[in-house]
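# Descriptive structure summary
Okay, here's what each chain looks like letter by letter:
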Amino acid sequence: MSECKCTCNQDTEIEVFLPEQLAQIDAIVAKYGAKPNYLIPILKETQETFGYLPAQLQRYIAVGINVPASHIFGVVTFYAFFNTVPRGKHLIKVCTGTACYVKGAMELIVKIESELGIKVGETTEDKKFTLEAVRCIGACGLAPAVLVGEDTHGMVTPGKIMDILRRYE
Ligand code: FES
(Lines give C-alpha, C1' and ligand atoms only; values in the text may rest on other atoms or scores of the structure.)
Protein backbone atom coordinates (compact mmCIF):
# COMPACT_ATOMS: atom_id res chain seq x y z
CA MET A 1 0.00 0.00 0.00
CA SER A 2 2.41 2.68 -1.08
CA GLU A 3 0.42 4.49 -3.72
CA CYS A 4 -2.47 6.66 -2.64
CA LYS A 5 -5.70 5.71 -4.42
CA CYS A 6 -7.80 8.27 -2.63
CA THR A 7 -8.43 11.91 -3.46
CA CYS A 8 -6.46 13.43 -0.61
CA ASN A 9 -3.34 13.99 -2.77
CA GLN A 10 -1.22 13.21 0.23
CA ASP A 11 1.88 11.14 0.44
CA THR A 12 1.12 7.67 1.74
CA GLU A 13 4.63 6.94 2.91
CA ILE A 14 4.43 5.77 6.50
CA GLU A 15 7.54 6.90 8.29
CA VAL A 16 6.73 6.49 11.93
CA PHE A 17 5.29 3.00 11.81
CA LEU A 18 7.28 -0.15 11.26
CA PRO A 19 6.39 -2.70 8.57
CA GLU A 20 5.25 -5.15 11.23
CA GLN A 21 2.95 -2.49 12.65
CA LEU A 22 1.50 -1.84 9.22
CA ALA A 23 1.04 -5.58 8.85
CA GLN A 24 -1.14 -5.42 11.96
CA ILE A 25 -3.35 -2.88 10.20
CA ASP A 26 -3.44 -5.04 7.10
CA ALA A 27 -4.65 -7.90 9.30
CA ILE A 28 -7.37 -5.75 10.87
CA VAL A 29 -8.52 -4.50 7.46
CA ALA A 30 -8.49 -8.04 6.05
CA LYS A 31 -10.46 -9.33 9.04
CA TYR A 32 -13.31 -7.02 7.99
CA GLY A 33 -12.97 -7.93 4.33
CA ALA A 34 -11.46 -4.53 3.47
CA LYS A 35 -15.04 -3.24 3.31
CA PRO A 36 -15.81 0.46 3.83
CA ASN A 37 -19.00 -0.56 5.72
CA TYR A 38 -16.75 -1.76 8.51
CA LEU A 39 -14.83 1.46 8.79
CA ILE A 40 -15.82 2.14 12.43
CA PRO A 41 -14.81 -1.29 13.76
CA ILE A 42 -11.61 -1.11 11.72
CA LEU A 43 -10.79 2.29 13.21
CA LYS A 44 -11.71 1.13 16.72
CA GLU A 45 -9.51 -1.92 16.50
CA THR A 46 -6.66 0.08 15.03
CA GLN A 47 -6.95 2.59 17.85
CA GLU A 48 -6.99 -0.21 20.42
CA THR A 49 -3.80 -1.54 18.86
CA PHE A 50 -1.90 1.74 18.49
CA GLY A 51 -3.61 3.94 21.08
CA TYR A 52 -4.49 6.65 18.56
CA LEU A 53 -5.22 7.31 14.91
CA PRO A 54 -2.70 9.69 13.41
CA ALA A 55 -3.10 10.95 9.85
CA GLN A 56 -0.59 8.42 8.54
CA LEU A 57 -2.67 5.51 9.82
CA GLN A 58 -5.87 7.08 8.56
CA ARG A 59 -4.38 7.32 5.09
CA TYR A 60 -3.08 3.79 5.25
CA ILE A 61 -6.54 2.49 6.13
CA ALA A 62 -8.09 4.67 3.43
CA VAL A 63 -5.97 2.94 0.81
CA GLY A 64 -6.70 -0.44 2.35
CA ILE A 65 -10.46 -0.08 2.09
CA ASN A 66 -10.41 2.16 -0.97
CA VAL A 67 -12.16 5.24 0.41
CA PRO A 68 -11.00 8.87 0.39
CA ALA A 69 -8.77 9.75 3.33
CA SER A 70 -10.97 12.81 3.81
CA HIS A 71 -13.89 10.48 4.59
CA ILE A 72 -11.90 8.73 7.30
CA PHE A 73 -10.74 12.05 8.68
CA GLY A 74 -14.39 13.16 8.88
CA VAL A 75 -15.38 10.02 10.81
CA VAL A 76 -12.41 10.21 13.18
CA THR A 77 -13.07 13.83 14.03
CA PHE A 78 -16.84 13.30 14.37
CA TYR A 79 -16.68 10.65 17.07
CA ALA A 80 -15.23 11.75 20.40
CA PHE A 81 -13.90 8.27 21.16
CA PHE A 82 -11.32 8.48 18.40
CA ASN A 83 -8.00 10.19 19.17
CA THR A 84 -5.58 11.58 16.65
CA VAL A 85 -2.83 12.24 19.18
CA PRO A 86 -1.20 9.78 21.58
CA ARG A 87 -2.73 9.52 25.01
CA GLY A 88 -0.96 9.08 28.29
CA LYS A 89 -0.78 5.76 30.09
CA HIS A 90 -3.54 6.94 32.44
CA LEU A 91 -6.53 8.90 31.22
CA ILE A 92 -7.92 11.30 33.81
CA LYS A 93 -11.52 12.22 33.16
CA VAL A 94 -12.85 14.97 35.39
CA CYS A 95 -16.62 15.00 35.31
CA THR A 96 -17.99 18.44 34.59
CA GLY A 97 -21.65 17.40 34.62
CA THR A 98 -23.99 19.58 36.65
CA ALA A 99 -23.66 17.78 39.99
CA CYS A 100 -19.88 17.67 39.79
CA TYR A 101 -19.63 21.20 38.44
CA VAL A 102 -21.50 22.68 41.40
CA LYS A 103 -19.39 20.65 43.79
CA GLY A 104 -16.07 21.88 42.49
CA ALA A 105 -15.10 20.04 39.30
CA MET A 106 -13.48 23.15 37.86
CA GLU A 107 -11.28 23.57 40.93
CA LEU A 108 -10.11 20.00 40.39
CA ILE A 109 -9.24 20.77 36.80
CA VAL A 110 -7.32 23.90 37.78
CA LYS A 111 -5.40 21.91 40.40
CA ILE A 112 -4.53 19.06 38.01
CA GLU A 113 -3.55 21.47 35.25
CA SER A 114 -1.25 23.37 37.54
CA GLU A 115 0.30 20.28 39.16
CA LEU A 116 0.83 18.33 35.94
CA GLY A 117 1.64 21.33 33.76
CA ILE A 118 -0.91 20.46 31.11
CA LYS A 119 -4.26 21.76 29.95
CA VAL A 120 -7.43 19.79 29.32
CA GLY A 121 -6.90 17.64 26.24
CA GLU A 122 -3.14 17.47 26.74
CA THR A 123 -0.75 14.75 27.83
CA THR A 124 2.16 15.09 30.23
CA GLU A 125 5.61 15.03 28.69
CA ASP A 126 6.39 11.69 30.30
CA LYS A 127 3.22 10.31 28.64
CA LYS A 128 1.90 9.25 32.01
CA PHE A 129 -1.35 11.24 32.14
CA THR A 130 -3.85 12.72 29.74
CA LEU A 131 -6.43 15.11 31.15
CA GLU A 132 -9.98 15.32 29.88
CA ALA A 133 -13.14 17.09 31.00
CA VAL A 134 -16.18 14.92 30.37
CA ARG A 135 -19.93 14.95 30.82
CA CYS A 136 -21.72 13.02 33.57
CA ILE A 137 -20.07 9.69 34.23
CA GLY A 138 -23.05 8.34 36.16
CA ALA A 139 -21.62 8.77 39.64
CA CYS A 140 -23.49 11.95 40.61
CA GLY A 141 -23.96 10.74 44.20
CA LEU A 142 -20.17 10.87 44.53
CA ALA A 143 -19.76 14.34 43.06
CA PRO A 144 -17.29 15.64 42.27
CA ALA A 145 -16.16 12.49 40.53
CA VAL A 146 -13.01 11.70 38.60
CA LEU A 147 -12.22 8.65 36.50
CA VAL A 148 -8.62 7.53 36.26
CA GLY A 149 -8.55 4.78 33.70
CA GLU A 150 -11.39 2.49 34.78
CA ASP A 151 -11.34 3.60 38.44
CA THR A 152 -13.98 5.97 39.75
CA HIS A 153 -12.96 8.32 42.54
CA GLY A 154 -15.70 10.17 44.38
CA MET A 155 -15.93 13.28 46.54
CA VAL A 156 -12.54 14.33 45.28
CA THR A 157 -11.14 17.60 46.56
CA PRO A 158 -8.24 19.67 45.21
CA GLY A 159 -6.35 18.58 48.32
CA LYS A 160 -6.87 14.89 47.54
CA ILE A 161 -6.51 14.70 43.81
CA MET A 162 -2.72 14.55 43.64
CA ASP A 163 -2.61 11.83 46.31
CA ILE A 164 -4.98 9.85 44.11
CA LEU A 165 -2.90 10.42 40.97
CA ARG A 166 0.31 9.46 42.75
CA ARG A 167 -1.10 5.92 43.09
CA TYR A 168 -0.82 5.51 39.33
CA GLU A 169 2.64 4.52 38.17
S1 FES B 1 -22.51 14.97 37.06
FE2 FES B 1 -20.61 14.08 37.57
S3 FES B 1 -21.09 12.03 37.78
FE4 FES B 1 -22.95 12.89 37.16
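My aim in this report is to walk through the structure given alongside it, one point at a time.

## Regarding the overall build of the protein
Along the protein, the regular secondary structure elements total 7 helices and 4 strands. Reading the protein from its N terminus to its C terminus gives the helix and strand order α-α-α-α-β-α-α-β-β-β-α. Here the protein, with 169 residues, has 41% of them falling under the buried criterion. Within the protein, contacts between residues at least 6 apart in sequence are counted, and of these 61% link residues at least 24 apart. As displayed, the protein offers around 9,500 Å² of accessible surface, 52% of which is attributable to carbon and sulfur atoms. Of the side chains in the protein, 17 bear a positive and 19 a negative charge, and the two mean positions are spaced by 8 Å.

## Details of the pattern of salt bridges
Side chains that differ in charge, positive against negative, can pair when their charged atoms come close. This model, assessed by the stated rule, comprises 5 salt bridges. Between Lys 111 and Glu 115 there is a salt bridge, with the nearest N and O atoms lying 3.1 Å from each other. Here Lys 111 and its partner Glu 115 are both found in helix H6 (residues 105-116), 4 residues apart, which amounts to about one turn of the helix. What makes Glu 115 partly exposed here is its relative accessible area of 41%. Residues Asp 163 and Arg 166 are paired through a salt bridge, measuring 3.2 Å at the closest nitrogen-oxygen approach.

## Quick look at the nonpolar core
One finds Ile 25, Leu 39, Ile 42, Leu 43, Ile 61, Ile 65 and Ile 72 to be the most contacted residues of the largest nonpolar core, which totals 23 residues. Per element, the largest residue contribution to this core is 5 residues, and it comes from helix H3 (residues 55-65). Not counting chain neighbours up to four residues away, the residues in contact with Leu 39 comprise Ile 61, Ile 65, His 71, Ile 72 and Val 75. Counting 22 residues, the second largest nonpolar core, distinct from the first, contains Ala 143, Val 146, Val 156 and Tyr 168.

## Looking at helix H4 (residues 69-78)
Three or more residues of H4 are buried, namely Ala 69, Ile 72, Val 75 and Val 76. The buried residues of H4 occupy one face: seen down the axis, they fall within an arc of 120°. Looking at the buried positions of H4, the neighbouring elements they touch are helix H2 (39-50) and H3.

## Quick notes on the packing of H3 against H4
Between H3 and H4, whose axes approach to 8 Å, the crossing angle comes to 125°. Classified by the angle between their axes, H3 and H4 sit oblique to one another. In terms of crossing hand, the pair formed by H3 and H4 is right-handed. Of H4, the residues touching H3 (which contributes Gln 58, Arg 59, Ile 61, Ala 62 and Ile 65) are Ala 69, Ile 72, Phe 73 and Val 76. Split by residue class, the contact of H3 with H4 holds 7 nonpolar, 1 polar and 1 charged.

Cut-off values and rules
Residues numbered from 1 in each chain as written. Predicted model: local features only at pLDDT ≥ 70, side-chain atom pairs only at ≥ 80, totals over all residues. Heavy atoms only, no water. Helix = DSSP H or I, 4+ residues; strand = E, 2+ residues; numbered from the N terminus. Buried < 20%, exposed > 50% of the residue type's maximum accessible area, 1.4 Å probe, protein only. Contact = heavy atoms within 4.5 Å. Areas by Shrake-Rupley, 256 points an atom, 1.4 Å probe, with all protein chains shown as cover. Lys, Arg positive; Asp, Glu negative; His and termini not counted. Charge placed at Lys NZ, Arg CZ, Asp CG, Glu CD. Salt bridge = Lys/Arg side-chain N within 4 Å of Asp/Glu carboxyl O. Core = buried A, V, L, I, M, F, W, Y, C linked by side-chain atoms within 4.5 Å. Arc of directions from axis to C-beta. Axes fitted to C-alpha atoms, helices over the stretch in contact; angles between N-to-C directions. Parallel < 35°, antiparallel > 145°, perpendicular 65-115°, else oblique. Left-handed = near helix turned anticlockwise from the far one by under 90°. Nonpolar A, V, L, I, M, F, W, Y, C, P; charged D, E, K, R; others polar.

Read these as geometric descriptors, not functional statements.
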